[in-house]
Structure formats: structure tokens, C-alpha cells
Amino acid sequence: MKLMRRGQRSLTRLFLAVSLLTVSLPHPAAQRVETRSKPRLVLLLVVDQFRYDYLERFGDLFGPGGFRRLLQHGASWVDANYDYVPTYTAPGHAAMLTGAPPAGTGIVANEWIERETNTQVTSVTDSSVKSLGGGLNEVGYSPRRLLASTVGDEMRLATNDRSKVIGISLKPRSAILPAGRHANGAYWFSTQSGSMTSSTYYFKELPNWVSDFNRARPADKYFGAKWEHLLPTSEYIRRAGPDTPVWENLDHIVGDTNAFPHIITGGARAPGPAFYTALDYSPFSNDLLVEFTKQTLVNEKLGQGGETDVLTLSLSANDYVGHHFGPYSHEVMDVTLRVDRQIATLLDFIDNRIGLQNTLVVFTADHGAAPIPEHASVMGLDGRRIRFSEILDAANSAISARYNRGKKTPDPTADYIFTYDYEGRRRGGLINANLYFNLKALERDGINLDEIEQVTGEAILRVPGIARYFTRAQLLRGAVPAGDPIARRVLNGFYSTRSGDLVIIQEPFKYLTESADAATHGTGYSYDTHVPLVIMGQDFQPGIYSQSATPTDIAATIAAALRIQAPSNSIGRILLEALVPGKEKAGVGRSSRQ
Ligand SMILES: [Zn+2]
């Protein structure tokens, strides 16, 4: 059933994707030099929360220089899916250039519970480093929790550090993780200071050019900016319906409404943290990042040395906008049309400076997004928000019924589920659909972990909207049904010392997070896993490829094209179908610039 559905879908996609390629642009082969050389620059271009279907739904509205150029001159996979859960920003950004799922990178989510310190940690917070350019009490960030090497790390190893590797994003995790542990630098936007910032992990002080960039207060010029429809409103109504459906009312942005035009102030009278946060939720933050990326290319002289440099850019506004308005909104359609233009600007800049024929461009996303559950419901798809308390209550009562049969008070089982303090609140150990047990309490009372996992899992299954569960014991034994794609995705997303003891799987279109967002992502279903994957460069044959692929294939594929060691935990496949013949073979005796 699943296979048939996939096959049909792939054909439809193939047709739609081919129909996108009707504008004729000069073929890059025409500009190719006779002998191929290594690229001067690898550009990883990520658009956060960009579902594959945006290329199809809005494809006829793209300009010539952005996605249309990538699809026409690049190799594009129409069936690229992440093969793990949870499909969040940090695991996705860690996967692309390591070639590894969370089971290899250790980046199991954006935040998780660290049992040793009894705290919630993020994928990149690091108390041993300090923020450079951030607010007064801003925490430091580094790639220390990333356990695998990246393409950039391997490039630096291969060239005795002559290659430069730099990561850029609004979000620290999206700047830091793709660049890797041995990057020259990573830069992200601080909503506290309104500046592009970094940390002492990379250097003692921000480079002078970054301080100069910040001194001009480039974010402040967007204060009060009016975000209007880029194209006539009728295009949006035809594709997305009215601008303000009821399900968009869930989650208001401070100082804004859910209708166009959006005025970007954050409800403040002058630039400050409220405005900088509102800026994140507007397409203008992508403009800021593109401007900073141009400055990086110039000031760091990327692509100008004798070796291949690696630049990763993750555009985050699309994720913020998607969470607020959902994937079928006017706002998401508009931020998608705008990111197409922003990417065109950057590609033109690189073409003038370095030459796109000398650049290897990879375009992908870290995850997709599900429709807003209330919208899914209206469409007959049985959307529902599952409250954390429903799961914790079901778990606690089943545990008490089984292990406190004498109904003792106080209930000795009350502390069996892990709890921790977070922002002044005591929280139950449920995060990323992982439930954590208090292993010390279980040991104290001689409770068998395997058994309590089963008892609790069965109870949680009775919560409406929960489909399945996997236990730690089961995952450690690898005891999952063969050929079960969800089980495989759970196993690929599990890292023993960081993941929980019970992994809960909701039914499709069910929303299982504590955040106030209207829409979200994180599951192993196609709306979250299916993303664009385009590679454009001399070593790749342009075309539409219907073979299954996953963004964890990127690292092995470009490592082969660059003829460097694949990253340490890379398990991806080399996407041979698109490599120009001969490029996959080891270049014994070839000079790096042939
Ligand atoms: Zn997100």
C-alpha cells in the first residue's frame, strides 16, 4: 500500500518537477573549462522548514535566478526523506554534512534531558565558552555535543587547515552544527543585542569586519518595516484560501496580527529584544543573513585561496513563519517566494565573485512541517493536539496501579518518572516524545526497567492519538520489526545516553509538543521527512532523479566528488546516479588542481 502510494507520488512529482524546467537558461556546461578542477567553494544552502512540495506548489512563481536555476542546472532528488525521528532543526543540521542520523551524531533533538546534570540542555549550549557580541547574560554556544566530523572538518584535515569553514544562520544550532567542530567560525543572530554573534569556542574576539558590520546596526533598518504580499493577492487566495482562517488565530505574535500587511516592530517603540524577535518571524531576517553572508565571502576571502572552502548558510525565517502560520498560509507562500529571490541574490553574488562553475552548491532543508492540527481536522484528516499532561497522567496512574498495589501514602511511585527544574518550573521528563524514567528511584525500589517501560507504554497507547511506542530495552537489542520504516526511523534517532526510555509515536496529523506554535514538525511522517535535495556543480549531471535519497547522503556524495575522507559517522549512500562518470573513483596520483 505504502509502496504503491509512494510510486504514484514520485511520478506526479517527476512530472511537476520536469514542468518547472521550461525556462531556457544557458547550460553551465557551455561555460565549463576543458579540465575539471576542484571547486573553490562548497556552499550548503539550507532553508529551515522547507517542505519538498513548496518547489511544486509555488514553482511557477519562482524567478529565474533562485530555485529555478538550482533545479535547471543541478541534480534534484524528488524523493529525499530524513530517515530518523525526531525531525527537528538540530538533528537535521547535524545530519547534512556528517552524513549521520542522531544515532551517529548524538544530536537527538534541539533540547534534551541530560541525566548526569539533571538539567535540560540544548544541542549547542556550552557553559565553558562565552558569547561574543550577544546580550549581557547571553549563554555561550559551541559544537561540543556534536560527536561526528563534518565535510568541513575533513576538508580541514585533508588540507592541513588551509581550507576555511564557516557557518551562518539566525539560530546558533543551525550555524554551528553544519560547520562542525573544527570550523574557523560560526555566526548567528542575537535577539538580545540585535547583532551577528559568535563564541569564544572559535576565537577570543569577533573579527574586526564582524564588529564593523554590527556597528552599522543593520537589523535596525527593518524596524517598522511593512511585510506585504510580494505578488497580487489573488495568487495567494487561489493557492492558500483566505489570509486569516480561524486556525491561524491560535498563536499571535506580539505587536502583530495574522493578516497582511505585517508591521515588524514586536510591539516596541524602538529596536530592542522584542523587535529583534519579531524580525526573526519576518522574511527580512533572511535579507540580513544574505547581506552578512556576502560580507563573509568578501572579508574571509572565501573561494580565493588554493583549497576548497566550505560555507554553510541556513535561512531560518521560513521556520519561524511556518510555525506561526502553518504550511498552507499566505505567509509561508510569501516567505517561500521571497527566499527564492534572496537565494538568487546570493547566487548572483557568488557567480560574479567566484563563478558558479567553481562552486558546489547543495540545497536542502532540515525538516518539513505538518498542517496546523485544526486545519487538518477541517480537511477530514483527524488533526488533534495532545497535551503533555494527558500522557504523564496516563503514565503515572498506570505506574501507581501496578507498583503501589497497597495504595500506600505517600505513593512511593510518585518519583518514578524523571522530573527536573526548568525556568522555575518542575517539569515531567517528557520531551521530544521521549519519556525519561528516574533510574535511581527504580533501582532503589528494585523495579525492572524493561517491565515498567511496557506497563507505561501500554497505558500511553490508550491516550487518543497515540499510535505506538518503543522501549529502550527493545531499541538497544535492535528488536524492531524488519521492513518497518517507522521502527527504523526511531532506531536511527536513538542515542543511548541522551535519548529517553520510551519513545512515543503519535498518529499522523497529531501535534505532540508543549510549545504554543500553531504548526510544528518532528515526526517520521512524510510531511516532516520529505525535503528538497539539490546538488549543483561540475561533478553532477543536472536532472531530476527519482531514486530514494536522504540528506544524510550529502556528505558521502560530496566527499567522493571532492576526493576527501568521508566524515567519521557517515552512513549515507554516494548518489552515484548523478555523479559525472569517473568522479566517484579515487583520484590516485591526481593533483588537487588538475
Ligand atoms: Zn521548527
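Counting restarts for each chain, with residues numbered from 1 along the sequence as it is written. In keeping with the model being predicted, local features are shown solely for residues with a pLDDT of at least 70 and side-chain atom pairs are shown and tallied solely at 80 or more, while totals for entire chains, interfaces and linings include all residues.

**Student:** When you look at the overall build of the chain in this model, what are you seeing that I'm missing?
**Tutor:** Looking only at helices and strands, one finds 21 helices and 22 strands in the chain. In terms of overall size, the chain behaves like a compact globule, its C-alpha atoms giving a radius of gyration of 24 Å where 594 residues would be expected to give roughly 25 Å. Overall, the chain is about 80 × 60 × 55 Å in size when its C-alpha atoms are taken along their principal axes. What counts as a contact is two residues whose backbone-derived C-beta atoms lie within 7 Å of each other. Partitioning the intrachain contacts of the chain with sequence separation of at least 6 by distance along the chain shows that 73% fall at a separation of at least 24. Helix numbering and strand numbering both begin at the N terminus, where a helix is a DSSP run of H or I of at least 4 residues and a strand a DSSP run of E of at least 2. Based on C-alpha atoms, the radius of gyration is set beside the globule rule, defined as 2.2 Å times the residue count to the power 0.38.

**Student:** Explanation requested: helix H17 (residues 449–460) in the structure shown.
**Tutor:** The α-helix winds at 3.6 residues per turn, so residues separated by three or four positions along the chain end up facing the same way. The span one expects for a helix is its residue count, reduced by one, times 1.5 Å. In a regular helix each residue adds 1.5 Å, so 12 residues correspond to 16 Å; H17 covers 16 Å between its end C-alpha atoms and thus fits that length. The burial criterion counts other C-beta atoms lying within 10 Å of a residue's C-beta, which is placed from the backbone; the residue is buried at 20 or more, exposed at 12 or fewer, and partly exposed between these limits. Among all positions of H17, only Ile452, Glu453, Thr456, Gly457, Ala459 and Ile460 are buried. Taken around the axis of H17, the buried residues stretch over an arc of 160 degrees, which confines them to a single face. Looking at the buried side of H17, the elements it contacts are helix H15 (388–403), strand E17 (434–435), helix H16 (439–444), strand E18 (466–471), helix H18 (472–477) and strand E19 (502–506). To obtain the arc, one takes the directions from the helix axis to the C-beta atoms.

**Student:** How should I be thinking about the nonpolar core in this particular structure?
**Tutor:** Soluble globular proteins tend to bury their nonpolar side chains together. Among buried residues, those of type Ala, Val, Leu, Ile, Met, Phe, Trp, Tyr and Cys that are joined through C-beta atoms within 7 Å form a set called a nonpolar core. Core analysis: the largest hydrophobic core is formed by 161 residues, its most contacted members being Leu45, Ala186, Val362, Val503, Ile504 and Ile558. A total of 10 residues in this core trace back to one element, the largest contributor, which is helix H13 (residues 330–353).

**Student:** Can you help me understand the sheet that holds strand E1 (residues 41–47) in this one?
**Tutor:** Think of a sheet as strands paired side by side through backbone hydrogen bonds, with each pair either parallel or antiparallel. Reading across the sheet, the 10 strands line up as E5-E8-E7-E6-E11-E1-E12-E21-E2-E22 and stay open at both edges, with mixed pairing between neighbours. A single partner strand is all that each edge strand has here, and the edge strands are strand E5 (131–132) and strand E22 (543–545). Strands pair, by our definition, only if DSSP identifies at least two bridges between them.

**Student:** Help me understand the sheet that holds E18, please; the structure alone is not making it clear to me.
**Tutor:** On the basis of which strands lie adjacent, the open sheet formed by 4 strands has the order E16-E17-E19-E18 and antiparallel pairing. Because the sheet does not close on itself, it has two edges, and the strands there are strand E16 (430–431) and E18. Alignment of E17 against E19, held across 2 bridges, turns out to be antiparallel. Bridge assignment links Leu435 to a residue of E19, and that residue is Leu502.

**Student:** Explain helix H7 (residues 172–179) to me, please; I cannot follow it from the model alone.
**Tutor:** Burial runs high along H7: 8 of the 8 residues are buried. Within the span of H7, buried status applies to Pro172, Arg173, Ser174, Ala175, Ile176, Leu177, Pro178 and Ala179. The inward-facing, buried residues of H7 contact E1, helix H4 (89–98), helix H6 (151–158), strand E6 (165–169), strand E7 (185–189) and strand E11 (309–315). Immediately downstream of H7, the backbone of Gly180 shows phi near 105 degrees, a positive value.

**Student:** I would appreciate a short explanation of the pairing of E1 in the present structure.
**Tutor:** Sheet faces and side chains relate simply in a regular strand, where the side chains alternate between the two faces. Most of E1 sits inside the fold, with 7 of its 7 residues counted as buried. Going residue by residue along E1, you find Leu41, Leu43, Leu45 and Val47 tucked away on one face and Val42, Leu44 and Val46 tucked away on the opposite face as well. In this structure, E1 lies alongside strand E12 (residues 359–364), joined through 6 bridges in parallel fashion. Each bridged residue has a counterpart across the sheet, and for Leu43 the counterpart in E12 is Val361.

**Student:** Help me understand the confidence of the model for the chain in this model?
**Tutor:** Predicted coordinates in areas of low pLDDT are best not read in detail. A residue-level look at the chain finds 91% of positions with pLDDT of 70 or above and a mean pLDDT of 92. The quantity known as pLDDT measures the predictor's confidence residue by residue, on a range of 0 to 100. Predicted confidence in the chain is weakest over helix H1 (residues 2–20), with a mean pLDDT of 45, and strongest over E6, with 99. Long-range and interchain partners of residues 21–26, a stretch whose pLDDT sits below 50, account for 7 contacts in this model, where long-range means more than four residues apart. Within the model, the stretch residues 29–35 combines pLDDT values under 50 with 4 contacts to residues more than four positions away or in other chains.

**Student:** Could you clarify how one ought to interpret the environment of Leu315 in this entry?
**Tutor:** Tracing the backbone through its elements, the reader meets Leu315 in strand E11. Between the C-alpha atoms of Leu315 and Asn286, which are 29 residues apart in sequence, the distance is 5.8 Å.

**Student:** Which parts of the structure should I look at to understand the packing of helix H11 (residues 284–299) against H13?
**Tutor:** Packed helix pairs are specified by the crossing angle of their axes together with the interaxial distance, meaning the distance between the axes. An axis is simply a line fitted to the C-alpha atoms; with a helix, the fit covers only the stretch in contact. Between two such axes, the angle follows the N-to-C directions and lies from 0 to 180 degrees. Packing of H11 against H13 leaves a shortest axis separation of 10 Å and a crossing angle of 10 degrees. Considering their axes alone, H11 and H13 lie roughly parallel with respect to each other. The residues of H13 that touch H11, namely those facing Asn286, Asp287, Val290, Thr293, Lys294 and Leu297, are Arg338, Val339, Gln342, Thr345, Leu346, Phe349, Ile350 and Arg353. Classification used: nonpolar for Ala, Val, Leu, Ile, Met, Phe, Trp, Tyr, Cys and Pro, charged for Asp, Glu, Lys and Arg, polar for all others including Gly. Grouping the amino acids of the contact of H11 with H13 by side-chain chemistry returns 6 nonpolar, 4 polar and 4 charged. Should an angle lie under 35 degrees it is considered roughly parallel, over 145 roughly antiparallel, and from 65 to 115 roughly perpendicular; all remaining angles are considered oblique.

**Student:** Got a minute to help me understand the domain arrangement of the chain in this structure?
**Tutor:** Note on interface size: it is often stated as the accessible area lost on association of the parts. What marks off one domain from the next here is an automatic or database domain assignment. Domain assignment breaks the chain into domain 1 (42–111 + 124–215 + 283–372 + 527–585) and domain 2 (384–508). When each unit is reduced to the centre of its C-alpha atoms, the spacing between domain 1 and domain 2 is 34 Å. Facing the 11 residues of domain 1 at the interface are 13 residues of domain 2.

**Student:** I tried to follow unusual backbone geometry on my own but got confused; where do I start?
**Tutor:** Phi is mostly negative for residues that are not glycine, and the peptide bonds are mostly trans. Cis geometry marks the peptide bond from Val85 to Pro86; its omega dihedral reads 5 degrees. Structurally, the position occupied by Pro86 is in the loop between strand E2 (75–81) and H4. Residue Pro261 follows Phe260 across a cis peptide bond; omega there is -5 degrees. By the element assignment, Pro261 lies in the loop between helix H9 (233–240) and strand E10 (262–264). One non-glycine residue with positive phi stands out, namely Ala433, at about 60 degrees. Phi at Phe509 takes a positive value of approximately 70 degrees, unusual for a residue other than glycine. With respect to the helices and strands, Phe509 occurs in the loop between E19 and strand E20 (510–511). Under the C-beta neighbour-count criterion, Phe509 is labelled buried, with 21 such atoms within 10 Å.

**Student:** Explain the pairing of E19 here, please?
**Tutor:** In terms of burial, E19 is largely enclosed, as 5 of its 5 residues are buried. Burial of E19 is two-sided: the residues Leu502, Ile504 and Gln506 facing one way and the residues Val503 and Ile505 facing the other way are all buried. In terms of strand pairing, E18 meets E19 through 5 bridges, oriented antiparallel. Within E19, the position partnered with Tyr469 by the bridge is Ile504.

**Student:** Looking at this structure, how should I read the packing of helix H12 (residues 317–325) against H13?
**Tutor:** The contact between H12 and H13 brings their axes to 9 Å, and the two run at 170 degrees. In terms of orientation, H12 lies roughly antiparallel with respect to H13. On H13, the residues that touch Ala317, Asn318, Val321, Gly322 and Phe325 of H12 are Glu331, Val332, Val335, Thr336 and Val339. Split into classes, the residues belonging to the contact of H12 with H13 amount to 6 nonpolar, 3 polar and 1 charged.

**Student:** When you look at the environment of Leu576 in this model, what are you seeing that I'm missing?
**Tutor:** For Leu576, the location among the structural elements is in the segment after helix H21 (553–562). According to the C-beta neighbour criterion, Leu576 is exposed, with 12 such atoms within 10 Å. Between the C-alpha atom of Leu576 and that of Ala560, which follows or precedes it by 16 residues, the distance is 9.7 Å.

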